[in-house]
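Residue-level structural notes
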Amino acid sequence: MIEFSQRNSRIWSRLGPSGALGVAALELAKRNASVLMLTADLCFFSGLERFKNEYPDRIYNFGIAEQNMIGAAGGLAKEGFLPFATTYASFAASRCADQVRVNMSYMKLPIKLIGLTAGLAAGILGATHMSLEDEAWMCALPNITVISPADGMEIVKCMLAVSETNEPTYIRLTGTMDASIVYREDYPYEIGKAVRLETGEDICIIAAGSMVSESLKAAKLLKEEGISCTVFNMHTIKPLDSSVIERARKEYSMIVVVEEHSVNGGLGSAVARYLAKENRHPPLLNIGIPDFFPHAGDYNYQLEQCGLTAVQIKNKIFQFGKENKIHRKYSGG
């Protein structure tokens, strides 16, 4: 039985999202004989090398043929297997668009599609491997659950949780190796239920994926300015935990959404749609990747280029509060 401990949390953080995926895959194979792993020539980059060695008859490599992989995943699901299909998030969303729409959305087959290097993690390879719009595409399709885990421990918990459902699911893995740790010990994880990580009085920050850790750092910086923040990890993008947004609408002077995704069509758009139904709500600031293709570069450079470092997030929140005259603290009064 896998152990959710501080030690493992550190290990999974060092391994990065793919390493955590590999750990979860081994645990799933022990628990469920119907679990299969599928890859599009990315066995190593999916963290599945050990799985391949221990369960060679339960992993299928389709080569650079992602569409075929999703089609085969549909057939395997129809035969009672539980297929986890892995590829770069940019290919999972755009290259496989028709197959995802038909097999997962329309036919409701319980395929678990895992988008590796979502957001900017593979940005060194240029725009073709950046995944800035995958969340928007997946959320637009009926019947698909969309999840963006915050760190290694949550990736493992997410994988175990989705294996217990019959829902077609897209798991969006952001970040790189040596990722920041959000959870250092065990905690209750539930699909569709956000987790409050920090409690404050002035601002409600709602974040997902890699931006959860950056938002926690930004909240700490804001606290030094006398501004207290509540921080929620909205790991499930669809279905959205609307109770968190309803609470934020009533209790805070500002709502901030932070995501490693385009500002169009992602978590920020989902929160905005909910607030648009209400007569009154506080100002909403959506911090994400602007409407452009960033220049190629390493991950830290990409985050800075897109304004997604903790310091940049803190400055944007502070400036937004000042411009909207939300609270005297934002003007130094």
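No experiment lies behind these values; they were computed from the predicted model shown. Sequence order as written defines the numbering, with residues in each chain counted from 1. The predicted nature of this model means local features are confined to residues of pLDDT at least 70 and side-chain atom pairs, given and counted, to a pLDDT of 80 or more, with totals for whole chains, interfaces and linings taken over all residues. Heavy atoms throughout the structure, all of them, feed into the side-chain values; hydrogens and water do not.

Let us now look at the side chain of E66. Helical segments are the DSSP runs of H or I of at least four residues, strand segments are the runs of E of at least two, and each set is numbered from the N terminus. Its place among the elements puts E66 in helix α3 (residues 66-78). By relative accessible area, E66 is classed as buried at 2%. Of note is the side chain of E66, whose polar atom sits 3.3 Å from the side chain of R95. Whether two residues are in contact is decided by their heavy atoms, any of which lying within 4.5 Å being enough. Among residues more than four places away in sequence, those in contact with E66 are A40, T87, F91, R95 and C96. Burial status follows relative accessibility: with a 1.4 Å probe on protein chains alone, a residue under 20% of its type maximum counts as buried, one over 50% as exposed, and anything between as partly exposed. Within 3.5 Å is the distance limit for a polar contact, defined as a pair of N or O atoms, with the added protein rule that one can donate a hydrogen and the other accept it, and that residues adjacent in sequence qualify only through two side-chain atoms.

Moving on, we get to the nonpolar core. Residues M37, F51, F84, M159, V256 and I317 are the most contacted members of the largest nonpolar core, which totals 71 residues. Those residues in contact with M37 that lie beyond four places of it in its chain are A25, L28, L48, F51, R58, I59, Y60, F84 and M159. Counting residues in each nonpolar core, the second largest holds 42 residues, with I111, A194, C204 and I255 among its members. The term nonpolar core refers to a set of buried residues drawn from Ala, Val, Leu, Ile, Met, Phe, Trp, Tyr and Cys, joined through side-chain atoms within 4.5 Å.

Attention now moves to the sheet that holds strand β6 (residues 169-174). Here, strands pair whenever DSSP counts at least two bridges between them. With respect to topology, seven strands assemble into an open sheet ordered β2-β1-β3-β4-β6-β5-β10, the strand pairing being mixed. If you trace the sheet from one side to the other, it starts and ends with β2 (59-61) and β10 (236-238), each paired once. Going across the sheet, the axis of each strand differs from the next one's by a mean of 20°, ignoring polarity. Across five bridges, strand β4 (residues 112-118) lies against β6 in parallel orientation. Within β6, the residue paired with L113 across the bridge is Y170. Note on definitions: angles span 0 to 180 degrees between N-to-C directions of axes, and those axes are lines fitted to C-alpha atoms, for helices only across the stretch in contact.

Because the α-helix completes a turn every 3.6 residues, residues three or four places apart line up on one side. Helix span is expected to be 1.5 Å times the residue number reduced by one. In this model helix α1 (residues 6-31) runs just 23 Å from its N-terminal to its C-terminal C-alpha over 26 residues, more than 12% under the 38 Å that 1.5 Å per residue would give. Bend at a given residue is defined as the angle between two axes, one fitted to the seven residues that end at that position and one fitted to the seven that begin there. The largest bend in α1 is about 125°, located at G16, with the proline P17 one to four residues further on.

Looking now at unusual backbone geometry. In this structure, P239 follows K238 across a cis peptide bond, with omega equal to 0°. Along the chain, P239 turns up in the loop between β10 and α9 (242-251). Notably, K108 is not glycine yet its phi reads approximately 60°, a positive angle. One can find K108 in the loop between α5 (97-106) and β4. For T117, which is not glycine, the phi torsion reads 50° and is therefore positive. Topologically, T117 is positioned in strand β4. Overall, the relative accessible area of 21% leaves T117 in the partly exposed class.

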